[in-house]
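# Fold and geometry: a report
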Amino acid sequence: MLAGKHVLLIISGGIAAFKSLDLIRRLRERDVQVTPVLTRAAEQFVTPLSVSALAGTKVYRDLFDLTDEAEMGHIELSRAADLVVVAPASADLMAKMAAGLANDLASTLLLATDKRVLIAPAMNVRMWDHPATQRNLATLQADGVLSVGPNSGDMACGEYGPGRMSEPLEIVDGIAAALGEGSLQGKRILITSGPTHEPIDPVRYIANRSSGAQGTALANALADLGAEVHFVTGPASAAMPRAAQITRVETARAMKDAVMAALPADAAIFAAAVADWHVTSASDSKIKKEGDGLPILSFAENPDILAGVAQLKTGRPKLVIGFAAETDDVIAHATAKRLRKGCDWIVANDVSPETGIMGGTENDVTLITQDGAEDWPRMPKSDVSRQLAARIAEALG
Ligand code: C5P
């Protein structure tokens, strides 16, 4: 798949640069040719010698290295590879890229290249969350720059949150997808995510506590494997996926319409926390407190979107996956749910408060398939998404 491809790997300054040594090793194992470029700051974290030894080639460091200009100019260097990868991509280098600066070898190559660019950002959580970095990221994405990560977790600086560079194998997946070699290349995957809002009147609604974080993590993991993701989301508080077609809805009924309109798909994943009922007595104008006593709400059942798609006679996605958040008898309830809804898999988890899963960063899931229940070890939610994405790729062949 990746064998014979050529990656220009730009390593910028950051503690995550040590992971780039492993990234080089992983790429070399796959017979990928790696041409490494180190920024000045990167040399504070990894030595040119170790990078060169692992890559099995010369390391490029300086824009004004005349020998290199004679042998291979920076324009040629920027275009000889199939893909330019920046790992780690520091906040500083992202800012330079967004601004189009070219004042060292790395930024000059990035401005001169005619190849796709994939960045793996790594920085302190506050630097990542800073509006300037987010603005630069949006600019880069609009310019067609691809990205993988960052992940959330403990950081070398002692803080916690998004900013950790993706793991080397995740970056390898991102490289494969960027080169059109992802294991989900050409597959269309539909995901529902977030809560739904069911109006009571124009200003009030009934909602639930879903943040949409699991749905976004899954969308990112699937896109990293090259899938074309269509993301149908209720009003979620989590960030939107990096690379997906996004349809925003409010109610369960609108979510169902959006899902049906988004078909056909190779797989459909129902991660949304859909309201079971909507208010049939919803008012077109704001209900007044000074009215005739307390308002009485009447309800009707919402369509079960998952069951509807799982039981389609024609145009059913090959793989239909539901979620089950339970507080007791998780496996028994989830197994029954799989049969009742007619879906292929159920991702079940225990959301009892003592598990700390709801609103937490880790998840403890059981995958229910026709072959039975598979208990996965407790792991970060991003890892759950990545493993699930890999299983989906296997199932879709
Ligand atoms: O029946 P329950 O709500 O527990 O089922 C959860 C699964 O069904 C989730 O995958 C959820 O996205 C999906 N669902 C749906 N439409 C509904 C209710 C649930 O797609 N109206």
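Please read these numbers as outputs of a predicted model, since none were measured by experiment. (Residues numbered from 1 in each chain as written. Predicted model: local features only at pLDDT ≥ 70, side-chain atom pairs only at ≥ 80, totals over all residues. Heavy atoms only, no water.)

## A look at the sheet that holds strand S1 (residues 6-11)
Strand order in the open sheet formed by five strands is S2-S1-S3-S4-S5, with parallel pairing between adjacent strands. On the outer flanks of this sheet lie strand S2 (33-38) and strand S5 (146-147), each paired with one strand and no other. With six bridges joining them, S1 and S2 adopt parallel strand pairing. Each residue of the ladder has a partner; that of Val7, found in S2, is Val34. (Pairing = 2+ DSSP bridges. Helix = DSSP H or I, 4+ residues; strand = E, 2+ residues; numbered from the N terminus.)

## Considerations on the layout of surface pockets
In this structure, the largest pocket occupies an estimated 1300 Å³ of space. Taken together, 44 residues line the largest pocket, and the ones lying closest to its centre are Ala271, Ala272, Ala273, Val274 and Ala325. Elements represented by at least two residues in the lining of the largest pocket include exactly strand S8 (188-193), helix H10 (213-224), strand S15 (299-301), helix H12 (305-310), strand S16 (319-326) and helix H13 (330-341). The element contributing the most residues to the lining of the largest pocket is S16, with four residues. Counted by class, the lining of the largest pocket contains 21 nonpolar, 15 polar and eight charged residues. For the second largest pocket, the calculated volume is near 1200 Å³. In terms of lining, the second largest pocket is formed by 43 residues, of which the most central are Pro150, Asn151, Ser152, Pro162 and Asn220. If you list the elements that add at least two residues to the lining of the second largest pocket, you get helix H7 (125-129), helix H8 (131-142), strand S6 (151-154), strand S7 (160-164), H10 and helix H14 (381-396). The residue makeup of the lining of the second largest pocket, split by class, is 16 nonpolar, 16 polar and 11 charged. Summarising the domain contributions, the lining of the second largest pocket has at least three residues from each of domain 1 (6-178) and domain 2 (188-396). (1 Å grid on protein atoms, 1.4 Å probe; cavity = no way out; pocket = protein on both sides within 12 Å on 5 of 7 lines; lining within 4 Å. Points joined across faces, edges and corners; volume = space filled by probe spheres on them. Nonpolar A, V, L, I, M, F, W, Y, C, P; charged D, E, K, R; others polar. Domains from an automatic or database assignment.)

## With respect to the domain arrangement of the protein
Interfaces are often described in size by the accessible area the parts lose on coming together. Segmenting the protein into domains produces domain 1 (6-178) and domain 2 (188-396). Taking only C-alpha atoms, the centre of domain 1 and the centre of domain 2 are 35 Å apart. With nine residues of domain 1 at the interface, the matching set in domain 2 holds seven residues. Summed over the three residues of domain 1 that lose the most area to domain 2, namely Glu170, Asp173 and Ala177, the buried surface amounts to 42% of that side. Counting every contact that joins domain 1 to domain 2 gives one salt bridge. The partner of Arg386 in a salt bridge is Glu170, with the nearest N and O atoms 3.2 Å apart. Taken together, domain 1 and domain 2 are joined by one residue pair in polar contact (both at pLDDT 80 or more). Of the residues forming the side of domain 1 that touches domain 2, the biggest block, four residues, is contributed by helix H9 (residues 168-178). Its residues assigned to classes, the side of domain 1 that touches domain 2 comprises three nonpolar, four polar and two charged. (Contact = heavy atoms within 4.5 Å. Buried area = accessible area lost by both parts, 1.4 Å probe. Salt bridge = Lys/Arg side-chain N within 4 Å of Asp/Glu carboxyl O. Polar contact = N/O pair within 3.5 Å; in protein donor to acceptor, adjacent residues only side chain to side chain.)

## A few points about the sheet that holds strand S20 (residues 372-375)
The eight strands lie next to each other as S12-S11-S8-S13-S16-S17-S19-S20, forming an open sheet whose pairing is mixed. Looking at the sheet topology across the chains shown, the edges are occupied by strand S12 (245-248) and S20. Strand-to-strand, the axes of this sheet are offset by a mean angle of 20°, without reference to chain direction. Relative to strand S13 (residues 267-270), S8 is paired through four bridges, and the arrangement is parallel. Among the inter-strand pairings, Leu190 is bridged to a residue of S13, identified as Ala268. Running at roughly 175° to S8, helix H11 (residues 252-262) makes contact with S8, strand S11 (228-233), S12 and S13 of the sheet. (Axes fitted to C-alpha atoms, helices over the stretch in contact; angles between N-to-C directions.)

## As for the nonpolar core
The biggest cluster of nonpolar side chains holds 32 residues, and the ones touching the most others in it are Leu9, Ile11, Val85, Ile171 and Ile175. Secondary structure elements with two or more residues in this core: S1, helix H1 (17-29), S2, helix H2 (48-55), strand S3 (83-89), strand S4 (116-121) and H9. Among all residues touching Ile171, those that are not within four sequence positions of it are Leu23, Val85, Ala87, Leu118, Ala120, Val148, Met165 and Ser166. Core analysis: the second largest hydrophobic core is formed by 28 residues, Ala219, Phe231, Ile321 and Val347 among them. (Core = buried A, V, L, I, M, F, W, Y, C linked by side-chain atoms within 4.5 Å. Buried < 20%, exposed > 50% of the residue type's maximum accessible area, 1.4 Å probe, protein only.)

## Thoughts on the packing of aromatic side chains
Considering all chains together, one arrives at zero aromatic pairs under this definition. Across the ring face of Tyr60, the terminal group of Lys58 is positioned such that the distance to the ring centre comes to 5.3 Å. Above the plane of the ring of Trp345 lies Arg391, whose end atom (NZ or CZ) is 5.9 Å from the centre. (Phe/Tyr/Trp six-rings, centres within 6.5 Å; stacked < 30°, edge-to-face > 60°. Lys NZ or Arg CZ within 6 Å of the ring centre and 35° of its normal.)

## A look at the pattern of salt bridges
One pass over the structure, following the stated rule, counts 20 salt bridges. Where Arg386 meets Asp383, a salt bridge forms, and the shortest distance between an N and an O atom there is 3.2 Å. Here Arg386 pairs with Asp383, and both are found in helix H14, just three residues apart, close to one helical turn. Look at Arg386 and you get partly exposed, because its relative accessible area is 29%. Three or more residues joined by partner-sharing salt bridges are found here, namely Asp22, Arg25, Arg26, Glu29 and Arg30.

## Digging into the environment of Ile189
Within the element layout of this structure, Ile189 appears in strand S8. Taking C-alpha positions, Ile189 is 23 Å from Arg340, a pair spaced 151 residues apart along the chain. In contact with Ile189, not counting residues within four places along its chain, are Leu184, Leu222, Ala227, Glu228, Val229, His230, Ala267, Ile269, Ile392 and Leu396.

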